[in-house]
Amino acid sequence: MNKREGRLAKQNRLRQHLLSTPYVLWSIGFIVLPLLMIVYYGLTSRDGGGFTLENLKLIWEPTHRATLWLSIKLSVISTIICLLIAYPLALALRALRLKSNGFVILLFMLPMWMNFLLRTIAWQNILEKNGVINMLLSAVGLPKLNIINTPTAIVLGMVYDFLPFMIIPIYNVLSKIGDDVIQAAADLGANYFQILWRVILPLSKPGIVSGLTMVFVPSLTTFVISDILGGGNILLIGKVIEQKFKMANDWNAGCGLSLVLMVFIFICMAIVQKYDKDSEGTSVW
Amino acid sequence: MVKRLIQKGYIGLVIVFLYAPILVLMVLSFNGSKYRSKWGGFTFKWYRELLENEKILNALWTTLLLALFSALLATVLGTLAAVAMNRMKKLPKAIMMSITNIPILNSEIVIGISMMLLYFAISFSLGFTSVLLALTAAHMPYVILNVLPKLRQTSRSTYEAALDLGASPISAFFKIVLPDIFPGVLSGFMLAFTLALDDFVITHFTKDAKVSTLSTVIYAETRRGIEPEIYALSTIMFTAVLVLLIVVNRMKAGAAKKLAEQQK
Amino acid sequence: MKKSLLVGALVLGAAMVLGGCGKEYKNGEVVVYNWGEYINEDVIEMFEEEYDIEVVYDEFTENEDMYPIVSIGEVNYDVVCPSDYMVNRMIKEGLLAELNYDNIPNIKNIDPKYLKSAESFDPGNKYAVPYCWGTVGILYNKTMVDEPITSWSAIFDEKYKDEILMIDSVRDGMGIALKYLGYSMNTTDEAQLEEAKELLISQRPFVQGYFVDEVRNKMIGEEAALGVIYSGEAIYTQRENSDLEYVVPEEGSNVWIDGWVIPKNAKNKENAEKWINFMCREDIALMNFEEITYSTPNAAARELIEDADIKNSTIAFPDEETLNRCEAFQYLGETEEVYLEKWNEMKTTQN
């Protein structure tokens, strides 16, 4: 290494520090400190303030286990459905070769600018016994569907609310894949499905991982959808945590359960990212 | 040809799915009855009353300011953070990435309450700024999550070539890297904006009595029934953005066409 | 360039909003924290003009949303309107300031019978002045049931499978089961709570859904035959759908009172008392009642109601005999968690 390169490397490191310091400071202030508060509450007992694991063990209570299991089931189903809808959609959008990315993003983001609660309430009008779907069905002489207040309605609500979070990151990476890559594969004799499976899919993994995270996590912790569309028939883990804070006023228990849920999600994400070889290990695990 | 038709049909179907409830909201804004389950005849009443409803208009203004500024802050900081993280060595990068994920993984009530406790601990008084910072912190990870995949797709060699040719790192970033990752930055901004526009829980815990947003107004109203003025407002907002979107898109398409003709 | 102009304009606008461009008030401010849509908004302006006090008006969705905000005390509210059991809890936790009744002469307008019933959660009426009150009962659609409903038994009856909208609130839901079984709504006896839970589990297959706010809309839209609802909603829903009827079941029910209280950390206590006094003035109470249709404890205001149907409505103003069957909630401390546990066990039981 000559002198000049050494100086450049030094400059680079300095620049690197200048670039990363603000975010490191910010994350200590706004992410790590609040997190430490959650950890503190989660690991101390409510009345004495002494160290305890009781709050974490709460997750093993039969009711909590049942709610966690149900939440996982529903959010996994919703996430898979979102992926199955979003991937072909992103492919189709890519095939349109639109000049501006912004238009597509806005088109799928715009519905979310209307208040989430209002949109969920509006779904009731569509799904209810005397709702829009059933009115259309009976107008053509078909039997009425019973969707409202069932788990199906909850899954539908989750898919509706979080689908854009899946579409956008996948579309983003797909739109970046050059035609030359695909052309090259075609020239080498690959058919459409081989190209899709061997070329496009591997290249779009980062987008899929982002999408999976952004759909799975909120659908695991939500409960408003279940309250409104599911008729409150099903208790989800997000609701239990909320109750601990609000009804029971037991912040320690609420923080403890949140911690368990957080670790669980971290593990899930680590597993997903294992499949994303390009990510160079973006997570500690 | 058939394939294209199927593609377009599928896109259309998803769009119908996403916009269906908004159509319901629009219909409700013309409903004479205050209740969503009963049709009370066609009326413009709620639009007139909206113009006089200071509470809602104030909330709208605050919401827009909060969403815009928190999204801008989150985008600038988040993009810088993503660039910095992309260049980090494996271990620090992994640690920062895990920290970044935390706000996404937490339920909102935990973020909200822990933020309130933090403000309380450092006796930072609540108000517009406290909500702004909390929203920025909560939504910045989404920007990072959108920018990072794009950065990974970008080749580092172009950027280095620019440096070798004597460009300063800053101008190399703006001229080479940013255009490449811009779609990710844009969608990160849109996500942060969208999430902030809709946030209730974090705002609830970090605001003082003087700050009220559309979400806090709407949630407070659920107990007694949502004022139909809110439906009217949603309809106006939606139509305005949609029209703007179409006009801008048309203009762009027109400009592109002109350019193509000139080049001929 | 255009973009930066836009941003500039927004910044300027923000500065204007934050800087405040309103008028000056001589007598300071009062920070009010009330339920959403729970006041006639003209009343706020009248207060500002008459007293030259600025009203900072904020709203909450439920008691449990308000509680952590007030108890941590990061924001200083001057006057808050919680429900009975929450008042009880805040008193027990020392969060409230005693009222100075010298500043609230209009307390004379409040019917003594409500002050007496408020003593169950606020002994001696030291901390709270009743604002609105009501009962919990069954709203039913006359055309969809076989006979007039008089008992809670209807919502536990297989006959109405999928036609029942149960209330999605722990204390209310458990309370109804307890009342139906003949126990107190404030019981701390675990065996009784267990029995109530079993009853609610047996009810589960018949219930279409558990709701709080949506019962109103669903009953108007004839989505179900029976729904558990607060009396204040009943008058309104009847206007929209005349087939609906409200009843307080014979086994008794919950009577609730929302009252004005002043938190200990209030900065403008005297202004808060002026506010409470203003709310108790008969014409103001009447304006509020006509806007929100929740029953007023203000006897003088009731006298002023012109519409005889409403003035004598048994929904808005149930007779003494009905009220004697009803109970107000008290804050039960640790037992509240047992209620929550039982309710959640019921919710996670699959039958």
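Residues numbered from 1 in each chain as written. Chains lettered and ligands numbered in written order. Predicted model: local features only at pLDDT ≥ 70, side-chain atom pairs only at ≥ 80, totals over all residues.

This part takes up the overall build of chain A. Tallying secondary structure elements over chain A gives 13 helices and zero strands in all. Starting at the N terminus and ending at the C terminus, chain A contains elements arranged as α-α-α-α-α-α-α-α-α-α-α-α-α. Since a compact globule built from 285 residues should have a radius of gyration of about 19 Å, the 24 Å found for chain A marks it as more spread out than a globular shape. Counting only C-alpha atoms, chain A reaches 70 × 65 × 30 Å along its principal axes. The contacts of chain A with a sequence gap of at least 6 include a subset with a gap of at least 24, amounting to 72%. (Helix = DSSP H or I, 4+ residues; strand = E, 2+ residues; numbered from the N terminus. Rg over C-alpha atoms; globule rule 2.2 N^0.38 Å. Contact = placed C-beta atoms within 7 Å.)

Take the nonpolar core next. Ranked by internal contacts, the top residues of the largest apolar core, which has 257 residues, are Ile167(A), Ala192(B), Val79(C), Leu226(C) and Val228(C). The greatest single-element share of this core, amounting to 16 residues, is contributed by helix α7 (residues 151-176) of chain A. Beyond its immediate stretch of four places on either side in the chain, Val79(C) contacts Val30(C), Val32(C), Trp260(C), Ile262(C), Ala272(C), Trp275(C) and Ile276(C). (Core = buried A, V, L, I, M, F, W, Y, C linked by C-beta atoms within 7 Å. Buried ≥ 20, exposed ≤ 12 C-beta atoms within 10 Å, placed from the backbone.)

Quick look at the sheet that holds strand β1 (residues 29-35) of chain C now. Residue and element names in this part refer to chain C. Taken together, three strands build an open sheet; the order of strands is β2-β1-β3 and the sheet is parallel. Strand pairing shows two members of the sheet lacking a second neighbour, β2 (54-60) and β3 (79-80), which therefore form its edges. Two elements, β1 and β2, share seven bridges in a ladder whose sense is parallel. Directly across from Tyr33, in β2, lies its bridge partner Asp58. (Pairing = 2+ DSSP bridges.)

As a further point, take the packing of helix α3 (residues 62-96) of chain A against α7(A). Residue and element names in this part refer to chain A. The interhelical angle for the contact between α3 and α7, taken along N-to-C directions, is 40°, at an axis separation of 7 Å. If you check the angle between α3 and α7, you find them oblique. Relative to α7, the crossing made by α3 is right-handed. Of the residues assigned to the contact of α3 with α7, the class counts are 24 nonpolar, three polar and one charged. (Axes fitted to C-alpha atoms, helices over the stretch in contact; angles between N-to-C directions. Parallel < 35°, antiparallel > 145°, perpendicular 65-115°, else oblique. Left-handed = near helix turned anticlockwise from the far one by under 90°. Nonpolar A, V, L, I, M, F, W, Y, C, P; charged D, E, K, R; others polar.)

Turning next to helix α5 (residues 108-121) of chain B. Residues and elements named next belong to chain B. A rise of 1.5 Å per residue sets the reference length of α5, with its 14 residues, at 20 Å; its end C-alpha atoms lie 20 Å apart and thus fit the reference within 8%. Extensive coverage of α5 is indicated by the burial of twelve of its 14 residues. Positioned one or two residues after α5, Ser123 has a phi angle of 40°, which is positive. (Expected span 1.5 Å × (residues − 1).)

Moving on to the packing of helix α6 (residues 170-180) of chain C against helix α15 (residues 335-348) of chain C. Residue and element names in this part refer to chain C. Running from N to C, α6 and α15 cross one another at 80°; their axes reach a closest spacing of 10 Å. One way to sum up the angle between α6 and α15 is to call them roughly perpendicular. Residues Val170, Arg171, Gly173 and Met174 of α6 lie in contact with α15, whose contacting residues are Tyr339, Leu340, Lys342 and Trp343. Per-class residue counts for the contact of α6 with α15 are five nonpolar, one polar and two charged.

Looking now at the interface of chain B and chain A. If you look at the interface, chain B gives 70 residues, while chain A gives 77 residues. Element by element, the count of residues in the side of chain B that touches chain A is highest for helix α1 (residues 2-28) of chain B, at twelve residues. By residue class, the composition of the side of chain B that touches chain A is 49 nonpolar, 14 polar and seven charged.

Moving on: the confidence of the model for chain A. On average, residues of chain A score 86 in pLDDT, and 94% of them reach the 70 mark or higher. Segment residues 278-285 of chain A is flagged for pLDDT under 50; beyond a separation of four residues in sequence, or across chains, it makes 23 contacts in the model. (pLDDT = per-residue confidence, 0-100.)

Here the focus is the environment of Leu50(B). Residue and element names in this part refer to chain B. Note on placement: Leu50 falls in helix α2 (residues 45-52). Sequence separation of Leu50 and Pro228 is 178 residues, and the distance between their C-alpha atoms is 8.8 Å. Leaving out residues up to four positions away in the same chain, Leu50 has contacts with Ile56, Glu229, Ala232 and Leu233.

This next bit is on the domain arrangement of chain B. Residue and element names in this part refer to chain B. The domains assigned to chain B are domain 1 (1-53 + 229-249) and domain 2 (54-226). The straight-line distance from the C-alpha centre of domain 1 to that of domain 2 is 28 Å. Domain 1 puts seven residues into the contact, and the matching count from domain 2 is eight residues. When residues in the side of domain 1 that touches domain 2 are grouped by element, the largest group, three residues, is from helix α11 (residues 228-263). Residue classes in the side of domain 1 that touches domain 2 are distributed as four nonpolar, one polar and two charged. (Domains from an automatic or database assignment.)

Turning our eyes to something else, we now look at the interface of chain B and chain C. Facing 25 residues of chain B, the contacting portion of chain C comprises 27 residues. When contributions to the side of chain B that touches chain C are tallied by element, the ones reaching two or more residues are α3 (54-87), α5 and α10 (214-222) of chain B. Per-element accounting of the side of chain B that touches chain C gives the leading share, four residues, to α10(B). In terms of residue class, the side of chain B that touches chain C is built from twelve nonpolar, six polar and seven charged.

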